[in-house]
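What follows is the residue order along each chain.
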Amino acid sequence: MRPRSRNMLTQLYELLTDTSFAIVVLIALAVASILGVVVVDQVPFRGDYARMAYPDRTGDPIVWLLIHVVPEQPFRCIFFRTLLALLSLSLLACTIKRWRHHWRRALTVLPPPAGIFDAPATRRWTTRMDPRHEELTGFLKKRFFAVRLRAGDDRLTLSATRFGVSELGSVITHVGLLLLIVGALVMASTGFSELVWMRPGDTVTIPQPGFQVTLEDFRIETTSAGRVSAYISSVALREDTTLVERTEIKVNKPLRHRGYSLYQSSYRQDPTKVHSIDVVLDLGSLGAGDGAGERGAGEEVPAQTPEGMPGRQAIPNRFLEPLTVTVPWGERIALPETPYAVAIDTFFADFRIGEEGPGLDSNEPRNPAALLRFYKGDSLAGRTWYFLLHPQMPVGTGPDLPMRIADYSPQLTAGLEVATHPGSGWVWAGFAFVSLGTVLVFLLRREQLWLRLRTVGSRREIALIHQGAAKQAPEFAREEWETQMTALGVQLVRWLEPDGDPPVRSSNRKA
Amino acid sequence: MNHSLDIQFFTAAFVLYGVAFLLFLVRSALRRSLFGWIGLITLGAGFILQTIALIVRWNLAGHPPLASMHEYASVMSWMAAGSLGILVARTRRFEVASFVVPLILGMMAIASLVPKEIYQQLVPALQSYWLHIHVSMAALAEGAFALSCGLAIAYLIKSGKPHTPPEELERLDSLNHRVISIGYPLFTLGALFAGAIWAYSAWGSFWSWDPKEVGSWIIWLFYTGYLHARYKRGWRGRRAAILAIIGFVMVVLSFVGNLFLGGQHAYG
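> I tried to follow the overall build of chain A on my own but got confused; where do I start?
Check the secondary structure of chain A and you find nine helices and 21 strands. Burial status across chain A gives 43% buried among its 511 residues. Here the contacts in chain A between residues at least 6 apart in sequence split such that 61% fall between residues at least 24 apart. A total of about 27,700 Å² of accessible surface is found on chain A, and carbon and sulfur atoms cover 54% of it.

So, in structure tokens, the structure goes:
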């Protein structure tokens, strides 16, 4: 059994380190992601939501699929997480497999492979110069090469490597990706995020670290062209009633404190409160002999103009035009030329009549309505509902004034998202690793240089090969042979042969 | 119809790119390098005009032209045109331009079809220095992917001709790989990481599976697969070219995906 289980483990390891397996996982993740985004966008009811949306059709095959097969959250479902887990295992196995090999390549200055000086890419020439190996080593070390020398009876072999650290790039990238996936899973599993709707004056308390955030003001700043320039929540941060700081939370400027972050996430109109209401009093619309407001709802129109209220004939010309009165929330405002004052009692952004009387149908301003209280002197004279979208049908016991709601200034509530990101350290580390790995892989290339000096008769023969670097760009080459070499190779040859005749033969010959 | 000054320069650049394309076609038909050089000069002139268009737009808006689909497509095509110009000037491979310029024209056409209004006031979510880093790097990366797509098409067409020397094909394949090697790290660091870091400070999470994020994720997975197939499986030549074309198709789908799927990246 033991050999067999080891064999199975080996097979599993080989599978996980196989590039084909990694590519299949990448393709599967891509396909799952496409399906996920399409499902999120095109299938509004999934899982339990589909069960609630289609209670009578749970037997239909499509509804059954929506309930049992299509995941509610495609990017958090077990299938998607399994793919991420497989990717993680593949990354881990590849990292283990490659680590030692890449590490060795990064740190080792390899001796010249057998026969490399006879390879077609090697340049050889004879010279009268006899460079000292200390100078040669210094030349290369100045250019970031690690150098090893091997001296024989008649020859000196120099091996040099630079940018070997680029060999670690892919391993570092794989480790970084692993860190990112771990961080994402930790964050998705243990992170917390909740949208909190706050009116000015409201306080949200975070019990565990123990601090409170009070919204002191929320405002939307706009340009003269009417475009929104900023959403700003002014908040006070307190710990045990001690003020820590007053600050502003904006989009792109969250408040971070003791592991929690507060984001300016959204805003909305308060569905049950307004800043003020504009009412239009149109006394000029009353006909001659019409009463102007003494009648309560349901009462008959009095035959005579009531005391203190002018009939049509008595209305001054300036009141023939409608008059707008702004009624702030919580204040009682006198209605001109009437004996009444008015105050806001209740506001519903989306008014409806339910079994328990008037109520809120939704938080959207679909049917704004206000219950206004009328006072005559200090006594309540009645209450009437006015509807913004149905000005002709006020309902209530208030006086029958020719009045309607023209507009209202909504009370805004700020939507602050309170969140924790417990895996963010892993994620930041992942960013750093992948960035470093990417730079090493794509911006650096490991270069190896081998040079052999040997005596041939009365002259010295030099053989040079420089691997890993790109060839000299043709426009920088002054001689034909230079186009066949790397820029550093050209530099080295010119350093070795300062006097000048073209030292590199265009064709190689066997040593 | 009155257009702002930047759009006039943009249109002029569009026209010059079209003329350059015709000249490169003539060069391919007649095999006279003179037409190639004139085409290259015309392409360069278009690039200069498009650069002026972007600078003028930057000046009019008061922020870098990276905040709308028009601006993004324009920067992407600008990157592709600039890279192509450098590539052709250095390698003298005019025939490559015949395949890349149509893609540039396609990007310019998309840029000219979407709304082009200049908004001096950025919406609050875009008021961040990350806009410059994230969007510019993503546009540059996708411009590089466009260039690689053109090179891949050139490869496929040339590989179908019996007399094409193998060195020529090898050179195209190598160029294609080098261009992707520029685009991929730019995309990884700019489109994905810079975007995630920005989302962390603006939206409260690094990643929210927004349609554009998913599009970028798929593009990244694809090019990661491409590089693995190339390095580890030795996929070169025809197969690598086909992958490069599919990759750019994904880039285009991700770009226009906002029009159909909306999401947090739908800024107009």
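> Looking at this model, I keep getting lost on the overall build of chain B. Mind explaining?
Helix and strand counts for chain B come out as eight helices and zero strands. Starting at the N terminus, the α and β elements of chain B follow one another as α-α-α-α-α-α-α-α. Computed over its C-alpha atoms, the radius of gyration of chain B comes to 19 Å, within 12% of the 18 Å expected for a compact globule of 268 residues. Once the C-alpha set of chain B is aligned to its principal axes, its extents read approximately 55 × 50 × 30 Å. Of the contacts formed within chain B by residues at least 6 apart in sequence, a portion of 80% connects residues at least 24 apart. Split by element, the accessible area of chain B, about 11,100 Å² in all, is 68% carbon and sulfur.

> How should the domain arrangement of chain B be read in this particular structure?
Residues and elements named next belong to chain B. Along its sequence, chain B is organised into domain 1 (1-121) and domain 2 (152-268). Inter-centroid distance (C-alpha atoms) of domain 1 to domain 2 is 21 Å. Listed per partner, the contact involves 13 residues of domain 1 and 14 residues of domain 2. Of all residues in domain 1, M69, R93 and F99 give up the largest surface area on contact with domain 2, accounting jointly for 41% of the area buried on that side. Summed over the shared surface of domain 1 and domain 2, the number is two salt bridges. Residue R93 is joined to E168 by a salt bridge in which the shortest nitrogen-to-oxygen separation is 2.8 Å.

> What should I look at first to understand the packing of helix 7 (residues 169-190) of chain A against helix 8 (residues 424-443) of chain A in this one?
Pairs of packed helices are described in terms of their axes, by the angle between the two and the distance that separates them. Residue and element names in this part refer to chain A. Two elements in contact, helix 7 and helix 8, have axes separated by 7 Å at closest approach and are oriented at 160 degrees. Accordingly, the angle class assigned to the pair helix 7 and helix 8 is roughly antiparallel. For the element pair helix 7 and helix 8, the recorded crossing hand is left-handed. Classifying every residue of the contact of helix 7 with helix 8 gives 17 nonpolar, nine polar and no charged.

> What should I look at first to understand the interface of chain B and chain A in this one?
Quite often, the size of an interface is put as the accessible area lost when its parts meet. If you look at the interface, chain B gives 43 residues, while chain A gives 43 residues. Summing both partners gives a buried area of about 3,600 Å² for chain B against chain A, and 69% of it is carried by carbon and sulfur. For the interface between chain B and chain A, the tally reads one salt bridge. R233 of chain B is the salt-bridge partner of D18 of chain A, the closest N and O atoms lying 2.6 Å from each other. Counting across the chain B and chain A interface gives 10 residue pairs in polar contact (both at pLDDT 80 or more).

> What exactly am I supposed to notice about the pattern of salt bridges here?
Note that side chains of opposite charge can pair when their charged atoms are close. Tallied over the entire structure, the rule returns 24 salt bridges over all chains. Ionic pairing is found between E461 of chain A and R454 of chain A, a salt bridge with its closest N-O pair at 3.2 Å. Like R454 of chain A, E461 of chain A is buried. Here K158 of chain B ties to E95 of chain B by a salt bridge, and the two come within 4.0 Å at their closest N and O atoms. With K158 of chain B in helix 5 (residues 130-159) and E95 of chain B in helix 4 (residues 94-113), this pair connects stretches of sequence that are 63 residues apart. Neither K158 of chain B nor E95 of chain B differs from the other in exposure class; each is buried. Sharing partners across several salt bridges, the network here consists of D217, R219, E221 and E248 of chain A.

> Help me understand the sheet that holds strand 21 (residues 459-467) of chain A, please; the structure alone is not making it clear to me.
Each strand in a sheet pairs with another by means of backbone hydrogen bonds, the pair being arranged parallel or else antiparallel. Residues and elements named next belong to chain A. What the five strands build is an open sheet, ordered 1-21-20-3-2; its pairing is antiparallel. Each edge of the sheet is formed by a strand with only one pairing partner; in this case those strands are strand 1 (123-127) and strand 2 (146-151). Each neighbouring strand pair of the sheet contributes to a mean axis angle of 15 degrees, computed without reference to strand direction. Here strand 20 (residues 447-456) runs beside strand 21; their pairing, made up of nine bridges, is antiparallel.

> Explanation requested: the sheet that holds strand 18 (residues 395-396) of chain A in the structure shown.
All names here are of chain A. Reading across from one edge, 12-13-16-17-18 is the order of the five strands in this open sheet, with antiparallel pairing throughout. The strands lining the two open edges of the sheet, one partner per strand, are strand 12 (333-334) and strand 18. Sheet topology places strand 13 (residues 340-348) next to strand 16 (residues 369-376); eight bridges connect them, and they run antiparallel. Each bridged residue has a counterpart across the sheet, and for F348 the counterpart in strand 16 is A369.

> I would appreciate a short explanation of the pairing of strand 8 (residues 242-250) of chain A in the present structure.
Along a regular strand, successive side chains alternate from one face of the sheet to the other. Residues and elements named next belong to chain A. With eight bridges joining them, strand 7 (residues 228-239) and strand 8 adopt antiparallel strand pairing. What sits directly across from R238, in strand 8, is L243. Linking strand 7 back to strand 8 in an antiparallel pair, the connection comprises two residues, with D240 at a positive phi of about 50 degrees.

> Explain helix 5 (residues 78-107) of chain A here, please?
In an α-helix, one full turn covers 3.6 residues, which means residues spaced three or four apart are oriented alike. Counted at 1.5 Å a residue, the expected span for helix 5 of chain A with its 30 residues is 44 Å, and the 42 Å between its end C-alpha atoms agrees. Where helix 5 of chain A bends most, the angle comes to about 40 degrees, and this point is W99 of chain A.

> Whenever I open this one, the side chain of D270 of chain A confuses me. Can you help?
Residues and elements named next belong to chain A. The topology assignment puts D270 in strand 10 (residues 260-281). Owing to a relative accessible area of 3%, D270 belongs among the buried residues under this scheme. Those residues in contact with D270 that lie beyond four places of it in its chain are R199, F347, Q411 and T413.

> Mind showing me how you'd approach helix 2 (residues 33-61) of chain B here?
All names here are of chain B. With 29 residues, helix 2 ought to run about 42 Å at 1.5 Å a step, and its terminal C-alpha atoms sit 41 Å apart, in line with that. Along helix 2, the positions that sit buried rather than exposed are G36, G39, L40, T42, L43, G46, Q50, A53, L54, V56, R57 and A61. In this fold, the buried residues of helix 2 make contact with helix 1 (5-30), helix 3 (69-91) and helix 4.

> How do you make sense of the environment of L105 of chain B when you look at a structure like this?
All names here are of chain B. The residue L105 is located in helix 4 in this model. On the accessibility criterion, L105 (17% relative accessible area) is buried. If near-sequence neighbours (up to four positions away) are discounted, L105 is found in contact with F14, Y17, G18 and F21.

> Help me out: how do you make sense of the environment of L60 of chain B in this one?
Residue and element names in this part refer to chain B. Position of L60 among the secondary structure elements: in helix 2. Judged by relative accessible area, which is 37%, L60 ranks as partly exposed. When residues no more than four places from it in sequence are discounted, the contact partners of L60 are S4, D6, I118 and Q120.

> Where do I start with the packing of helix 6 (residues 133-141) of chain A against helix 9 (residues 487-496) of chain A in this structure?
All names here are of chain A. Following both chains from N to C, one finds helix 6 and helix 9 inclined at 150 degrees, their axes separated by 12 Å at the closest point. Classified by the angle their axes make, helix 6 and helix 9 are roughly antiparallel. Helix-helix and strand crossings are classified by hand; for helix 6 and helix 9 the assignment is right-handed. Contact with helix 6, carried on its side by E135, L136 and F139, involves Q491, L492, W495 and L496 of helix 9 and no other residues of that element. The class makeup of the residues in the contact of helix 6 with helix 9 is five nonpolar, one polar and one charged.

> What is the right way to look at the packing of aromatic side chains in this model?
The way to describe two aromatic rings as a pair is by their centre distance and the angle between their planes. Considering all chains together, one arrives at 35 aromatic pairs over all chains under this definition. Arranged with centres 5.0 Å apart and planes meeting at 50 degrees, the rings of F347 of chain A and Y408 of chain A form a pair that is tilted. Taken together, the residues F347 of chain A in strand 13 and Y408 of chain A in strand 19 (residues 403-420) connect sequence positions 61 residues apart. Taken individually, F347 of chain A and Y408 of chain A each receive the classification buried, so the pair is uniform in this respect. Centroid distance F348 of chain A to W385 of chain A: 5.8 Å. Interplanar angle 15 degrees. Geometry classified as stacked. Residue F348 of chain A is found in strand 13, and its partner W385 of chain A is found in strand 17 (residues 379-387); the two are separated by 37 residues along the sequence. Relative accessible area serves as the criterion here: at 14%, F348 of chain A is assigned to the buried category. Ring-pair connections join several aromatic residues into one group, and the members of that group are F75, F80 and F442 of chain A together with Y184, W207, W209, W217 and W220 of chain B. Geometry around Y200 of chain B places R256 of chain A over its ring, the cationic atom sitting 4.3 Å from the centre.

Thresholds applied
- Residues numbered from 1 in each chain as written.
- Chains lettered and ligands numbered in written order.
- Predicted model: local features only at pLDDT ≥ 70, side-chain atom pairs only at ≥ 80, totals over all residues.
- Heavy atoms only, no water.
- Helix = DSSP H or I, 4+ residues; strand = E, 2+ residues; numbered from the N terminus.
- Buried < 20%, exposed > 50% of the residue type's maximum accessible area, 1.4 Å probe, protein only.
- Contact = heavy atoms within 4.5 Å.
- Areas by Shrake-Rupley, 256 points an atom, 1.4 Å probe, with all protein chains shown as cover.
- Rg over C-alpha atoms; globule rule 2.2 N^0.38 Å.
- Domains from an automatic or database assignment.
- Buried area = accessible area lost by both parts, 1.4 Å probe.
- Salt bridge = Lys/Arg side-chain N within 4 Å of Asp/Glu carboxyl O.
- Axes fitted to C-alpha atoms, helices over the stretch in contact; angles between N-to-C directions.
- Parallel < 35°, antiparallel > 145°, perpendicular 65-115°, else oblique.
- Left-handed = near helix turned anticlockwise from the far one by under 90°.
- Nonpolar A, V, L, I, M, F, W, Y, C, P; charged D, E, K, R; others polar.
- Polar contact = N/O pair within 3.5 Å; in protein donor to acceptor, adjacent residues only side chain to side chain.
- Pairing = 2+ DSSP bridges.
- Expected span 1.5 Å × (residues − 1).
- Bend = angle between axes of the 7 residues up to and from the residue.
- Phe/Tyr/Trp six-rings, centres within 6.5 Å; stacked < 30°, edge-to-face > 60°.
- Lys NZ or Arg CZ within 6 Å of the ring centre and 35° of its normal.

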